[in-house]
Amino acid sequence: MKPITLTLHAFGPFQGTQTIDFSTLSDDGIFLITGKTGAGKTTVFDAISFALYGEPSGSVRQSDSLKSDFAPLSETCWTELCFLSQNERYTIRRAPQQTVLKRNGEPRVVSSSAALTLPDGEIVSGKSEVDQKVIEILGLTKDQFRKIVLLPQGEFRSFLDADSKTRQEIFRRIFSTERYARFTETLGEQSKALERRCRELSAANEGVLQTLATEDGEIRSMLEADTVDLPLLTKKLKRSLDLRQKEAEEHKARLNKLRNELASIDLKEAESVNRKLAELEQVRGTLLELECQRPGYERKKERAGRLRQVQTLSVLERQMMDAKKRLDETTVLLHDVEGALPKARKIFGEASSLLAQSQRKQEGLPTLSSQIANLDNAIQLLSECREKEKALAQCLLQSKALAKQWEILHLLTQRASLWTQTDILREKQQKLSVLPEIVSAYKQALEAADRASAQYVDILNRYASRQAGELAKSLRPGEPCPVCGSREHPAPASLEGLPSKEEMSESHQTMMSVREDAQEQTVECTRALSCIADQGDWNIHRDDLLSLIEREQNAAREEEALLRKQIVSIEEELCLLGAESALQNTNCLSTDHLAAKQSDIQSRQAVYHAKQEALEAALQELSAKIPEGSEGDLTKQRNAIQKQITSINEEALRAQQDYQESALQKDRLEKQMETLIAARADETVHLRTATEAFLNELSAAGYLSAEFYQVEKAELPSLPALEAEVREYEDTLQRNQILSEKLAAEVGGKKPFPLPEMRQRQQTLSIQLTDAENSFFCLQSSIQQDETALSYLSKNLAYLQKADEQFRTVGTLYKLAAGMNQKNLSFERFVLGGFFDQIIENANLRLLALSSGRYSVSRKHSKEKGRRASGLDLEVLDVYTGKYRGTNTLSGGESFLTSLALALAVADVISAVSGGVEVSTMFIDEGFGSLDAESLEIAVESLLSLRESGRLIGIISHVQSLSDFIPARIEITASPKGSTVKTVC
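About the criteria used
Residues numbered from 1 in each chain as written. Predicted model: local features only at pLDDT ≥ 70, side-chain atom pairs only at ≥ 80, totals over all residues. Heavy atoms only, no water. UniProt positions renumbered as here; feature names shortened; annotations may be inferred. Helix = DSSP H or I, 4+ residues; strand = E, 2+ residues; numbered from the N terminus. Contact = heavy atoms within 4.5 Å. Areas by Shrake-Rupley, 256 points an atom, 1.4 Å probe, with all protein chains shown as cover. Salt bridge = Lys/Arg side-chain N within 4 Å of Asp/Glu carboxyl O. Buried < 20%, exposed > 50% of the residue type's maximum accessible area, 1.4 Å probe, protein only. Expected span 1.5 Å × (residues − 1). Pairing = 2+ DSSP bridges. Axes fitted to C-alpha atoms, helices over the stretch in contact; angles between N-to-C directions. Polar contact = N/O pair within 3.5 Å; in protein donor to acceptor, adjacent residues only side chain to side chain. Core = buried A, V, L, I, M, F, W, Y, C linked by side-chain atoms within 4.5 Å. Patch = residues over 30% accessible without salt bridge, like charges linked within 9 Å, V, L, I, M, F, W, Y side chains within 5 Å. Lys, Arg positive; Asp, Glu negative; His and termini not counted. Charge placed at Lys NZ, Arg CZ, Asp CG, Glu CD. Phe/Tyr/Trp six-rings, centres within 6.5 Å; stacked < 30°, edge-to-face > 60°. Lys NZ or Arg CZ within 6 Å of the ring centre and 35° of its normal.

Going by the annotation in an unreviewed UniProt entry, the name recorded for the chain is Nuclease SbcCD subunit C, with Fumia xinanensis given as the source organism. Its UniProt record gives the chain a comment under Subunit (unreviewed entry), which states: "Heterodimer of SbcC and SbcD." What UniProt states about the chain under its Sequence similarities (unreviewed entry) heading is, verbatim, "Belongs to the SMC family. SbcC subfamily."

See the structure below:
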């Protein structure tokens, strides 16, 4: 990952928008980030880490505290990073969770957000989705990024002191060794599965052995033993099954014999034949009785035929009577209509006359409607006039209310302004109250810095004298002095009482530390002075600064008391105006808000004034149009005319309805009369036809007169019973004849069977067959059960032997790959050890140079205590002592140099080995201050040598001498309004 630009908005100590262009620093390859303490140097690294992973670089800073205190509460804090990875450009923008003000002044919490723009323009949004995509692009998690790419302040040695397990997690993603871990996990899963399979097969065999049905004593004894020899047991079980198979065949032969004998006895057939012979005898007796009854039923059948003829005549007679009835009814209706028609015609004539009269009256309705319209218009004008008078009165009341509100708001605005001035004075007094303490601390720090500088200058001068003493030690009599060239050395310089190089370095470090403290006190004092209004003439070096502060405090208190008197006076005026509640409700309102409300009231007053003028003009215009008379008089005139119109309309409506009803009644009667005349003619024809049909049928039936027909007609109710009796006789005779023929054919000359003897023999054979079947079934079941068990045991025995052999092989491999060995070294850590050796070898090339050949690191090969992971732990070889020791025993400067060498080596090896992880940028926050001058120079030369690799190195440091080696830098300047960024190439 190589950054291109970083944009900060309201982030950390930066108030507005600040942009850092890293592309201008790429040519130098290494750059500094400089600035005073608290200016925001580390914030640059925090912003990069937050943009990529949503969290700052250090472990003490939280993402919800990143918003700048210099920015207004309405501003939103965000950061945007544009970077290259694998030569593809990405842009990521994040904003932390923060509190901002709404337009109405109320605070609201804004959730965190994240958006990543990919090289193809696709945008990934959502915190979790962006986090996952960044890890996929960079190949590093947040913790791995902080240990390899970004070394935060105070945490540069975390990778150096990491244990094997932590390094394994870091290297796994870098060197893509997940497959070795998955291989080990797969071996473990297979080992557990095989072990479980062996247990399942053994348990299944035990369950099958418990189901054996054999009664063989030798086999039962083997089953009761503690351990069972399955191969021997299966052989004995097979021999037992062979013997029982022979016994089963003998039982089967006996069963077949009993079944055949029992099948030959057919009781059902015998019972059926006996039953049919008895039934045939009974049917033949019934047929004899029916033949004797035949003559009587023949006479009944003839009588039924005669009555059916009478039934046909009765239908024709009924049709003739119905036709006569309809003719009589039609004649009666026709007579009624002939009587009502003249009366209907008279009513129709009267209704026509009334309708003509009402139509003549309706011709005068338009004149009456015009009069009503004129009266309605006059009434409407009067109503509008009343409404406008009410609106005008309301407008005047509202104008007066607004004038009072404006006066109250004017006083509230003055009161709010005075309170704002009071708050400013109170804040100024608070700042003035802490100034004496800050000024005293500042002067003490300056005095301490002066003393440390004087002490260092003294030691430096004495150390220069020591250089002459060091040179004098190498002088030999007769040899020329390397300084003056003289061969005589009468008074060589002495080293006694002069400081060493270490003492000079210690004094220099003490001086620099005290100077930094003094600089911090100077910055704090200057900031405190700059925060109190307009004291531009207050120089930090003035002797009378404390007395000036006291005078300023007294002036602020007097001014605040005066302002409070003015506020009390304004509040008394508000109470006189009845605005006590407004005093409480407007305490939280700003002056701008009150001014806005005043402007709103003035706008509304102008609107009401214009509305008042318009209403007065409209009233004058309406008064000229309204006729004389009150609204009540006009309404009475209108109601009288309306009543007259309503009466005319109602009279016309009644006349029209009467005319229509009378016309409908007359037309209905005329049409009904025509219909009835035609119907009477039709009914006369129907009666004549029906009478002729009845008489003809009566004559055809042989009746000489209607009296004989009526006598026989009286017997018609007995016809259904007579027909049913004849039909039942014929059906019974036919059914018995058919049954007699069928039974005679089925028995076919057979004789009755001896049923009691046949039942006794069948019962005896059934008992014998049941006993034989039960015995055979029990024997056969035991054979089948043991055969199944034998087959299952034989198959499971082979499976168990194979699974046990596989379990021993896979289990051994799993223990070896999982690190369950003498060195606690897993397969993955063994592979990673090869990569780690390359990193260590590369790191030692730099570390030997950085430590002047004193230190080198190596991988520990000894086993850790207990079950702790081993194989990726580090130890340091101290050439001075010739012994190995832990990395946690290194001093601050030594650990920094070692961590720096390791970080550079990790980046080199990753670039050479891993295609998915690119470490083209490294950021270092502090650590150089722990180095002496010689080590600092060596460390910088080592970093400068990385220019050729195209890698970008960013360093935060207070060490001033670094600027001599590294000209490219990012300068961060603090001010009372927030920090600013400047890039110097």
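Looking only at helices and strands, the chain features 22 helices and 17 strands. When contacts within the chain are restricted to residue pairs at least 6 apart in sequence, long-range pairs at least 24 apart make up 76% of them. Surface accessibility of the chain: about 56900 Å² in total, with carbon and sulfur atoms responsible for 51%.

So, about the pattern of salt bridges. Within this structure, the stated rule accounts for 22 salt bridges. Put simply, K301 and E730 hold a salt bridge, and the shortest N to O gap is 3.4 Å. Linking K301 in helix α9 (residues 294–362) with E730 in helix α17 (residues 719–747), this pair joins segments that are 429 residues apart in sequence. Look at K301 and you get partly exposed, because its relative accessible area is 44%. Using a relative accessible area of 36% as the deciding quantity, one classes E730 as partly exposed. In this structure, D804 engages R808 in a salt bridge whose closest nitrogen and oxygen atoms are separated by 2.1 Å.

This paragraph deals with helix α18 (residues 755–817). A rise of 1.5 Å per residue sets the reference length of α18, with its 63 residues, at 93 Å; its end C-alpha atoms lie 89 Å apart and thus fit the reference within 8%. Of the residues one or two after α18, G819 is the one with positive phi, at around 90 degrees.

Its place among the elements puts R345 in helix α9. Spatially, the C-alpha atoms of R345 and E670 are 9.9 Å apart, while their sequence positions differ by 325 residues. Here R345 is in contact with K666 and E670, once residues within four sequence places are set aside.

What holds strands together in a sheet is hydrogen bonding between their backbones, with the strands either parallel or antiparallel. Reading across from one edge, β11-β12-β13 is the order of the three strands in this open sheet, with antiparallel pairing throughout. The outermost strands of the open sheet, each flanked by one partner alone, are β11 (855–859) and β13 (883–885). Shown here is a sheet whose adjacent strand axes are inclined to one another by a mean of 35 degrees, direction ignored. Note: β11 against strand β12 (residues 874–878), five bridges, orientation antiparallel.

What follows deals with the side chain of Q98. Relative to the assigned elements, Q98 resides in strand β6 (residues 98–101). Owing to a relative accessible area of 6%, Q98 belongs among the buried residues under this scheme. For Q98, the side chain forms a polar contact with the main-chain nitrogen of C77, separated by 2.7 Å. For Q98, the contacting residues outside a window of four places in its chain are K67, E75, T76, C77, R108, V109 and V110.

Further remarks concern the sheet that holds strand β2 (residues 17–21). What the six strands build is an open sheet, ordered β2-β1-β4-β5-β8-β9; its pairing is antiparallel. Looking along the sheet, the strands with just one partner apiece sit at the ends: β2 and β9 (123–125). Averaged over all pairs of adjacent strands, the angle between strand axes in this sheet comes to 15 degrees, irrespective of strand direction. As defined by bridge partners, strand β4 (residues 78–85) adjoins strand β5 (residues 88–95) across seven bridges and the pair is classed as antiparallel. Of the residues in β5, the one forming a bridge with L84 is R89. Sheet strands in contact with helix α2 (residues 127–138) are β4, β5, β8 (113–117) and β9, and its direction is about 40 degrees off that of β8.

Let us look at the nonpolar core. Generally speaking, a soluble globular protein has its nonpolar side chains buried in company with each other. Within the largest apolar cluster, 92 residues are counted, with the highest numbers of intra-cluster contacts made by L6, F22, F31, L52, L116, I839 and I970. If you tally residues by element for this core, the top one is helix α20 (residues 892–913), at twelve residues. In contact with F31, not counting residues within four places along its chain, are F22, L25, F923, L952, I953, G954, I955, I966, A968, R969 and I970.

This brings us to unusual backbone geometry. Backbone geometry places A10, a non-glycine residue, at a positive phi of 50 degrees. Locating A10 in the fold gives a position in the loop between β1 (2–9) and β2. Positive phi is not limited to glycine here, since N87 has a value of about 60 degrees. Take N87: it is sitting in the loop between β4 and β5.

Together, E516, D517, E520 and E524 make up a negatively charged patch on the protein surface. In this structure, D517 sits in helix α11 (residues 501–530). With a relative accessible area of 41%, D517 lands in the partly exposed category.

Let us now look at the packing of aromatic side chains. A full pass over the atoms with the stated rule returns four aromatic pairs. The interplanar angle of 45 degrees and the centroid separation of 6.1 Å between the aromatic rings of F11 and F50 together place this pair among those described as tilted. With a gap of 39 residues between them, F11 in the loop between β1 and β2 and F50 in helix α1 (residues 41–53) connect regions that are remote in the sequence. An angle of 15 degrees between the planes, with centres 5.5 Å apart, marks the rings of F83 and Y90 as stacked. Over the aromatic face of W78 sits the side chain of R93, whose NZ or CZ is 3.7 Å from the ring centroid. Over the face of the ring belonging to F348 we find K666, whose NZ or CZ atom lies 5.1 Å from the ring centre.

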